[in-house]
Amino acid sequence: MSDFKTDFIADIVLSGGTVVSSKTRFKADVAIKDGLVVAVGEASAMPAAKEVVDVSGKHVIPGAIDAHVHFREPGYTHKEDWETGTAAAAMGGTTTVFEMPNTNPPTRSVKELRQKQDAAKKAHVDFGIYGLLAEDNVDELQGLVDGGVNAFKCFMGNTFGNLPSPSTGAMLEGFEIIAPTGLRISLHAETASIMAWRQERLMKAGIHHALAHIGARPAVVAAEAVSRAAVLAEWTGARIHVLHISSAAELRPLAEAKARGVDVTGETCPCYLLLDSRDYERLGSIIRVNPPVREASDSEAIWAALKSGVVDMIATDHAPHTPEEKRKDVIWEADCGFPGVETQMPLMLNEVANGRITLEHYVKISAENPAKAFGLWPMKGRIEAGALADIAVVDLDRSETIRAENLHSRGKITPFEGVTVKGVPVHTLVRGRFVQRDRKLVPESRGWGRQVTDVQKMPTPEPKNTDQTLAALLHSGSAKTAGGPR
Ligand code: NCD
Ligand code: ZN
């Protein structure tokens, strides 16, 4: 052991904390060197270190991996940019984010991917970049894959940015192209035509109170979209992910697809667990989000599905807008969504304090499962020797009151205004470096964040019905016509 001690000097030892995995927790020190965890164990087994940080009384958990954030750059930087968005993530104990393509311009081809990678050079935390799967960019998908996107996003329903949702035909061809790459396709699973029809009918009737937002997007839009996407995924072998699960109704098609062997994962967000239709009167248009916050019975069903594993993970759908864009008397005029990447962990740790979820289970849904679904496991999502040192040190006894004005996001508005939570990330480390320390952003960590492409490995995919893809048909068609018509 003493030989080991003199072998090398660690950069940091986190000393005296309780390390938590999805299965267990134990008192242990954590040694970090060159961005990696190099030892987890008793103090006597730790190498010497340049810096020993006392974390006694605290819990040491894998940093959260958030598969769903909108950082708005390029195009809407008055709402957010990569610096403010990732600062919010760092403050919230989140060490990796996957960023959505509904920027301006949207991330629809390699050209826009490069623009986004450029904007992301300011990031405090690691990130994946989503490429868009839309009606008009099917021919760009392979380029996006080769160019280095980390996942795809398909807006089956309209939402902020108003990107037209692809026809089922375009979706199928997109799935065919993406399936062999193994990259996951995340779905905004709400059916556009149903919502357009209903919203127009409601608007024409002059109905514009906050609750009408649910009326325009009843849960059947999610159930229908999840079912349809699952059929296409089953046919092509594409991996899919259902974003922001909001309803009991979509849980059945999700569970059934899983049972049929479709490689599908699902996420929910704190607002669907912690808010419901009773909050509309109090919050007005602030609560407007796509899909909508629904009934208390939906929240209960989603909690149960998180427990059973039908819902795999927690994400935030961090969707910042300015207070002026959110506060409207006519619900149809309010921008949809609100910031969440900074408040997710405190809100969920508060549910740990309330006894609604164990800390181990929280580690599973916030870090381990997203790491596995998006190919980051085993380098991310766990605290073990050999993994990247992406860590949140949390104080389960510390209370804080959520205030929009204190958020690092540019979207200074939240439906959780004034909520006092117990449980806060007090340090955040990304690849062994503090990006948040003692509840303060580390400004020098600007630019430390890296795209996850180096560590991402999607397991070998099994595309199906490959002889019937459009590409295969077009190819054999041209071979036939080459011989001339018969
Ligand atoms: C998101 C946004 O503002 O970008 N809004 C929302 O209501 N969730 C888009 C989205 O994820 O649907
Ligand atoms: Zn969405």
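Anyway, here's the lowdown on the structure attached to this text.

The rules we used
- Residue numbering note: each chain is counted from 1, following its sequence as written.
- Chain letters and ligand numbers both follow the written order, the letters beginning at A and the numbers at 1.
- For this predicted model, a pLDDT threshold of at least 70 governs which residues receive local features, and a threshold of 80 or more governs which side-chain atom pairs are given and counted, while totals over whole chains, interfaces and linings are taken from all residues.
- Only hydrogens and water are set aside; all other atoms, that is, all heavy atoms of the structure, feed into the side-chain values.
- Being paired, for any two strands, means DSSP has found at least two bridges between them.
- Numbering of helices and strands starts at the N terminus; helices are DSSP runs of H or I of at least 4 residues and strands are runs of E of at least 2.
- The contact rule is simple, with two residues in contact once any of their heavy atoms fall within 4.5 Å.
- Comment: axis = line fitted to C-alpha atoms, over the contacting stretch for helices; angle = value between 0 and 180 degrees taken between N-to-C directions.
- Here roughly perpendicular refers to angles of 65 to 115 degrees, roughly parallel to angles under 35, roughly antiparallel to angles over 145, and oblique to all remaining angles.
- Crossings are sorted by hand: turned counterclockwise from the far helix by less than a right angle, the near helix makes the crossing left-handed, and turned clockwise it makes it right-handed.
- Ten residue types, Ala, Val, Leu, Ile, Met, Phe, Trp, Tyr, Cys and Pro, are classed as nonpolar, four, Asp, Glu, Lys and Arg, as charged, and the remainder, Gly among them, as polar.
- Any residue with a heavy atom positioned within 4 Å of a molecule or strand is treated as near that molecule or strand.
- Between N or O atoms, a polar contact is any pair within 3.5 Å; within protein, one atom must be a potential hydrogen donor and the other a potential acceptor, and residues adjacent in sequence are included only when both atoms are from side chains.
- Method for areas: the Shrake-Rupley scheme with a 1.4 Å probe, in which residue coverage is limited to the protein chains shown.
- By definition here, a salt bridge exists when the distance from a side-chain nitrogen of Lys or Arg to a carboxyl oxygen of Asp or Glu is within 4 Å.
- Partly exposed residues are those whose accessible area sits between 20% and 50% of the maximum for their type, while under 20% is buried and over 50% is exposed, using a 1.4 Å probe and protein chains only.
- Take the buried residues of types Ala, Val, Leu, Ile, Met, Phe, Trp, Tyr and Cys, join any two whose side-chain atoms come within 4.5 Å, and each joined set is a nonpolar core.
- To count toward a patch, a residue needs a relative accessible area above 30% and no salt bridge. Like charges then connect within 9 Å, nonpolar side chains (Val, Leu, Ile, Met, Phe, Trp, Tyr) within 5 Å.
- This count recognises Lys and Arg as positive and Asp and Glu as negative, with His and chain-terminal groups excluded.
- Where a charge sits is defined by one atom per residue type, namely NZ (Lys), CZ (Arg), CG (Asp) or CD (Glu).

### A closer look at the sheet that holds strand β7 (residues 59–62)
At step 1: Read from one edge to the other, the open sheet built from seven strands follows the order β3-β2-β7-β16-β17-β18-β19, with strand pairing classed as mixed. Each edge of the sheet is formed by a strand with only one pairing partner; in this case those strands are β3 (25–27) and β19 (440–441).
At step 2: Here strand β2 (residues 18–20) runs beside β7; their pairing, made up of two bridges, is parallel. Along β7, the bridge assignment pairs Thr18 with His59.
At step 3: Packed onto the sheet, helix α15 (residues 359–373) meets β2, β3, β7 and β16 (391–401) and runs at close to 30° relative to β7.

### Quick word on the packing of helix α14 (residues 344–353) against α15
At step 1: It is at 10 Å that the axes of α14 and α15 come closest, and there the two elements cross at 150°. Our classification of the angle between α14 and α15 gives roughly antiparallel. Along this stretch, α14 crosses α15, giving a crossing that reads as right-handed. Where α14 approaches α15, its residues Gln344, Met345, Met348, Leu349 and Val352 are matched on the opposing element by Leu359, Tyr362 and Ile365.
At step 2: Looking at the contact of α14 with α15, its residues break down into seven nonpolar, one polar and no charged.

### Side note on the site of ligand 1
At step 1: Near ligand 1 lie 15 residues; those nearest to it are Arg72, Asn102, Thr159, Asn290 and Asp317.
At step 2: Contact distances for ligand 1 include 3.0 Å between an oxygen atom and a side-chain N or O atom of His70.
At step 3: One of the side-chain nitrogen or oxygen atoms of Asn102 is found 2.9 Å away from an oxygen atom of ligand 1.
At step 4: Starting from 320 Å² of accessible surface for ligand 1 in isolation, the protein chains cover 100%.
At step 5: Its residues assigned to classes, the shell around ligand 1 comprises four nonpolar, nine polar and two charged.

### Regarding the pattern of salt bridges
At step 1: In the structure shown here, the tally under the stated rule is 29 salt bridges.
At step 2: Salt-bridge contacts for Glu368 lead to Lys372; the nearest nitrogen and oxygen are separated by 3.0 Å. Taken as a pair, Glu368 and Lys372 lie in helix α15 at a separation of four residues, close to a single helical turn.
At step 3: Taking the relative accessible area as the measure of exposure, Glu368 reaches 5% and is therefore buried.
At step 4: Lys372 sits in the partly exposed class, given a relative accessible area of 40%.
At step 5: Within the structure, one salt-bridge network assembled from shared partners comprises Asp126, Lys380, Asp390 and Arg431.

### A few points about the sheet that holds strand β15 (residues 313–314)
At step 1: The strand order β8-β9-β10-β11-β12-β13-β14-β15 describes an open sheet built from eight strands, whose pairing is parallel. Here the strands that pair on one side only, and so sit at the sheet edges, are β8 (64–69) and β15.
At step 2: Bridge analysis of strand β9 (residues 94–99) against strand β10 (residues 126–132) gives four bridges, and the strand direction is parallel. Its bridge partner being in β10, Val97 is matched across the sheet by Phe127.
At step 3: Its contacts with the sheet put helix α5 (residues 168–178) on β11 (151–155), β12 (185–188) and β13 (240–242), and the angle it makes with β12 is roughly 155°.

### A short note on the nonpolar core
The tendency in soluble globular proteins is for nonpolar side chains to be buried as a group.
At step 1: Counting 93 residues, the largest nonpolar core has Phe152, Phe175, Ile185, Leu187 and Tyr362 as the members making the most contacts within it.
At step 2: If we skip the residues at most four places from it in the chain, Phe152 touches Tyr130, Gly131, Leu132, Leu141, Leu144, Val145, Ile178, Leu183, Arg184, Ile185 and Ser186.
At step 3: In this structure, Ile12, Ile383, Ala389 and Val426 belong to the second largest nonpolar core, which totals 18 residues.

### Overview of a negative patch on the surface
At step 1: A surface patch of negative charge is lined by Glu135, Asp136, Asp139 and Glu140.
At step 2: Inspection of the secondary structure assignment puts Glu140 in the loop between β10 and α4 (141–147).

### Examining α14
At step 1: The buried count for α14 comes to nine of ten residues, which makes it a mostly enclosed element.
At step 2: Gln344, Met345, Pro346, Leu347, Met348, Leu349, Asn350, Glu351 and Val352 are the residues of α14 that are buried.
At step 3: Positioned one or two residues after α14, Gly355 has a phi angle of 80°, which is positive.

### So, the side chain of Lys116
At step 1: Secondary-structure assignment places Lys116 in helix α3 (residues 110–119).
At step 2: Lys116 sits in the buried class, given a relative accessible area of 0%.
At step 3: Separated by 3.3 Å, the side chains of Lys116 and Thr107 make a polar contact.
At step 4: Setting aside residues no more than four positions away along its own chain, Lys116 makes contact with Glu73, Pro74, Trp82, Glu99, Met100, Pro101, Thr103, Thr107 and Ile129.

### Regarding a nonpolar patch on the surface
At step 1: Taken together, the side chains of Leu470, Leu473 and Leu474 make up a nonpolar region of the molecular surface, amounting to roughly 280 Å² of accessible area.
At step 2: By the secondary structure assignment, Leu470 is in helix α16 (residues 470–482).
At step 3: For Leu470, a relative accessible area of 35% puts it in the partly exposed group.

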